[in-house]
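Observations on the three-dimensional arrangement
This is what each chain is made of:
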Amino acid sequence: MILKKLFTIAFVLVLIPLLGSGRSVTVLRDGWKFARGHQENAWKPDFDDSKWQDVSIPHDWAIEGPVMADGDGDTGKLPWQGEGWYRKRLELGSMDPGSMDPGSVVYLLFDGVMASPEVYVNGKLAGKWDYGYNSFFIDITGYLQPGSANVLAVHADTRNHESRWYPGAGIYRKVSMIVMNPVHVDIWGTCVTTPEINDREARVKVITSVGVQQSTVQEISIRHIIFDPQGKEVAEVTVPGKAYWGSGNELAAEAVIPAPQLWDPDHPALYRVLTILFRGKEAVDTVETPFGIRTMHFTADSGFQLNGKRVQLRGVNLHHDQGLLGAAFNVRAAERQLEIMKSMGCNAIRTSHNMPAPEFLDLCDRMGFLVFDEAFDKWDRKVDIGPATDFAEFAQRNIRNFILRDRNHPSVFIWSVGNEMGDIQNNRDHGFDKLRLMVGLVRLLDPTRPVTMACDDQKSAVLRHFDYYDVHSWNYGQRYHLARQLAPGKSVIISESASTVSTRGFYELPLPETKTDFTNSLQVSSYDLNAPAWAELSDDDFMWQQEETYVAGEFVWTGFDYIGEPTPYNNDWVREHGLKDENASRLSYFGIVDLCGIPKDRYYLYKSCWKPDETTVHILPHWNWAGKEGQMIPVFVYTNGDSAELFLNKKSLGMRAKKPLSENSIERFRLMWSDVPYEPGTLTAVAYKNGKAIGQEEMKTAGDPNRLKLTPDRTVIRADGSDLTYILIEATDKKGNPCPLADNPLELKVSGPGNIAGAGNGNPQSMDGFQSNFVKLFYGKAMVIIRSGKIKGTIEMTVSSPGLTDATAKIKTE
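Residues numbered from 1 in each chain as written. Predicted model: local features only at pLDDT ≥ 70, side-chain atom pairs only at ≥ 80, totals over all residues. Heavy atoms only, no water.

Another aspect to go through is the side chain of threonine 558. Mapped onto the fold, threonine 558 is located in the loop between β30 (551-557) and α9 (571-576). Not counting chain neighbours up to four residues away, the residues in contact with threonine 558 comprise Asn317, Phe590, Gly591 and Ile592. (Helix = DSSP H or I, 4+ residues; strand = E, 2+ residues; numbered from the N terminus. Contact = heavy atoms within 4.5 Å.)

What describes a pair of aromatic rings is the distance from one ring centre to the other and the angle between the planes of the rings. Summed over all chains, the structure comprises 39 aromatic pairs. An angle of 40° between the planes, with centres 5.9 Å apart, marks the rings of phenylalanine 376 and phenylalanine 394 as tilted. Here phenylalanine 376, found in the loop between β25 (370-374) and α4 (391-406), pairs with phenylalanine 394, found in helix α4; they are 18 residues apart in sequence, far enough to count as distant. For the pair phenylalanine 376 and phenylalanine 394, a shared accessibility class is recorded, and that class is buried. Residues phenylalanine 402 and tryptophan 415 carry aromatic rings whose centres are separated by 5.1 Å and whose planes lie at 75° to one another, so their mutual orientation is edge-to-face. Note that phenylalanine 402 is positioned in helix α4 and tryptophan 415 in strand β26 (residues 412-419), a separation of 13 residues in sequence. Given a relative accessible area of 1%, phenylalanine 402 falls into the buried group. (Phe/Tyr/Trp six-rings, centres within 6.5 Å; stacked < 30°, edge-to-face > 60°. Buried < 20%, exposed > 50% of the residue type's maximum accessible area, 1.4 Å probe, protein only.)

The pairing of strands in a sheet happens through backbone hydrogen bonds and is either parallel or antiparallel. The strand order around the closed barrel built from eight strands is β23-β24-β25-β26-β27-β28-β29-β30, with neighbouring strands paired in parallel fashion. Here the strands of the sheet are splayed against their neighbours by 25° on average, with no regard to which way each runs. One ladder, built from four bridges, connects strand β27 (residues 451-455) with strand β28 (residues 471-475); its direction is parallel. Residue pairing in the sheet places alanine 454 in a bridge with serine 473 of β28. Contacts between helix α6 (residues 431-445) and the sheet are confined to β26 and β27, with β26 contributing the most and set at about 160° to the helix. (Pairing = 2+ DSSP bridges. Axes fitted to C-alpha atoms, helices over the stretch in contact; angles between N-to-C directions.)

With eight of ten residues buried, helix α8 (residues 538-547) is to be regarded as a mostly interior element. Against the buried residues of α8 lie β23 (313-317), α7 (480-486), β29 (492-498), β30, α10 (601-610) and α11 (665-669).

The first and last C-alpha atoms of α6 sit 22 Å apart over 15 residues, in line with the 21 Å expected at 1.5 Å per residue. Listing the buried residues of α6 in full gives Gly431, Phe432, Lys434, Leu435, Met438, Val439, Leu441 and Val442. Residues of α6 that are buried make contact with α4, β26, α5 (422-425) and β27. (Expected span 1.5 Å × (residues − 1).)

Taken together, the side chains of Val462, Leu463 and Leu486 define a hydrophobic patch exposed on the protein surface, amounting to about 240 Å² of accessible area. Topologically, valine 462 is positioned in the loop between β27 and β28. Residue valine 462 is classed as exposed on the basis of its relative accessible area of 54%. (Patch = residues over 30% accessible without salt bridge, like charges linked within 9 Å, V, L, I, M, F, W, Y side chains within 5 Å. Areas by Shrake-Rupley, 256 points an atom, 1.4 Å probe, with all protein chains shown as cover. Salt bridge = Lys/Arg side-chain N within 4 Å of Asp/Glu carboxyl O.)

Turning next to the pairing of strand β11 (residues 183-197). Most of β11 is tucked away: eleven of the 15 residues are buried. Pairing geometry for β11 and strand β12 (residues 201-212), over nine bridges, is antiparallel. Each residue of the ladder has a partner; that of histidine 184, found in β12, is glycine 211.

In this section: the confidence of the model for the chain. Overall, the prediction assigns the chain a mean pLDDT of 95, with 96% of residues at 70 or greater. For the stretch residues 1-21, pLDDT sits under 50, and the model shows 24 contacts to residues farther than four places along the chain or on other chains. (pLDDT = per-residue confidence, 0-100.)

A separate point is unusual backbone geometry. Across the junction of methionine 114 and alanine 115, the peptide omega takes the value -5°, indicating a cis bond. By secondary structure assignment, the location of alanine 115 is in the loop between β5 (105-110) and β6 (118-121). Across the junction of leucine 620 and proline 621, the peptide omega takes the value 5°, indicating a cis bond. Mapped onto the elements of the fold, proline 621 is located in the loop between β31 (617-620) and β32 (632-639). The backbone of leucine 522 sits at a positive phi, close to 65°, despite the residue not being glycine. Within the secondary structure, leucine 522 is located in the loop between β29 and α8.

Here you go:
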């Protein structure tokens, strides 16, 4: 037994990496040339690109600006529409030049290109795609020229793409070159399921799809070695078979894992299976596939069940952009977003409204998030479907890539084929036929998970489109009621909830009389009492889920502010109110945190409800109201306690208790003092639960801004050219109190092996670029993102402003 273990370890760690005929994966990050606009003959190998811009992939050409103040606020007033060209020499390693194995197969795998990419290799069109959010791959073997330079050129064109938010532009996700033996595991060719699970053991089924690029029948075998979350081998199985020309030669194997460790959001246990493909006795390919062991299903009356227990979905919607970085995907940026959501008590993400980067799902697997994996927003030009598109062909290849790529992620608990499609919900233009096709394709490729569609037209429920899918998913209000009455056997998800809007740090008096009471301030008060007419306040969704336990949970619109969709202050609103397009905002107001990742007050409201066992005490608004002495300032407290006492300069202003049975939802979840006469000093809130004090918070009147304070989220990062640290910039007075109204201009200086990846302040009205050495404080705060270089050392970030003491942060790269 010991000898067998030693042999396995030696084989996996030593022999496999040395197999010259095995798989090699090269991420094509650096060495790209880029030019925006039409470039005549840029597809030709001998085209002169020496004057083009040097870029790294992922790359978003539009985030650099310039910002068009009178542009379309719905898509961020950025120049995303147009053409772009990318060129790169392909370095083929041992295959280049002259030593290329004539039997090798070479693929290019694109995780996402916005939009309609055409891929040229050595001057010939090797392949193309349309849907900008989906991953695709191209076999370029026949276009390569051993012994010569091999030139890759990619044309991206967003002119025919439509969007309701900022989509980004260009090769905004990673590109990989995969070199494989002519007998190999297909790309996304491993499927792992766990059909039987109990306390003693789990039966794991692995289906492997094998591709063959040789005309003769191949005698093959596949060995699967399964490792537990601690890295210990727990199962091994080998299956023989034959493989024929083409892809899709499937071999199935089963193994039993004793005492399985179950995956859930609190304990995201990940197993992995190492798949080794043999041709005869020669190992020709290896693939590693992480997976999780868990059971899940929906019930009509008690929502979502994970591993036999009810789990309330405390979810948020996330768009694909990463704030100041734009659409160019960065693993650390995504990880930080999820860390912030996790700290609030969030346990689920809806990928609104498209396939995410594959690394995002890796993070959700590892960090413990359930994923509502969504493919499309409308079936029109928003997903690059045009008048000439063959819908069935489009559906088949896009659903295939979507499901095959994402099916092994334990985080994915439901598939969604679309969002808010009025024509589909109302069966216009063969809508139900299209829905039947999409849902059927998903079920064909993955029968283990439910399928849904996010709906918003309540009246359409009488047409019973929900008969085609498994779970009711409805956006806003209680629109799900009619569907639930018509089909009570299905569970319900609120796929978009709240859409409460606010601006971080901004408070407006008097309080709004209605949720749609918006003013010409062009900001939205952070008292959290505003929402569009079609939406609701956060508290309403909390209340509905308390009262209707069949609702599986909610996905808040949205976790983060994002670029575009600046409700309510879009171009239409400002025109209706006699303002110009340049007065329209360019960021959303929906986020629980702002575009920079700085929490709004609403973050603490959600945390108080979603993490009831962790102490939360949060006071709002700020306490700097010069000129309003003696006037009444409403004060709210968000807490997981059931009551609190408020003090102003040590004088009690009385106790307030939540009213759990109130029909007014905000009285259930907030503590409010509407009659606090302003005087400078200190507000103190002491929170109680069941009569026992659980914590307190203070809010002090700050003096004039005196110095700057820098707080990096990490002081040690990797010297890999892509790692990030987010540095919060704040102004404080002489005593160190935060200055909540500071709007000082800041100059940013970086020295050492790093650079500024982005800078901003979360102001939806700001028309400043996101990649600058200057930024203004917005209600006392701003953010700068530093990207590492590829050299070890120390990065120094110095921030200065006239009249304020400078601040410096040091970041070590290693």
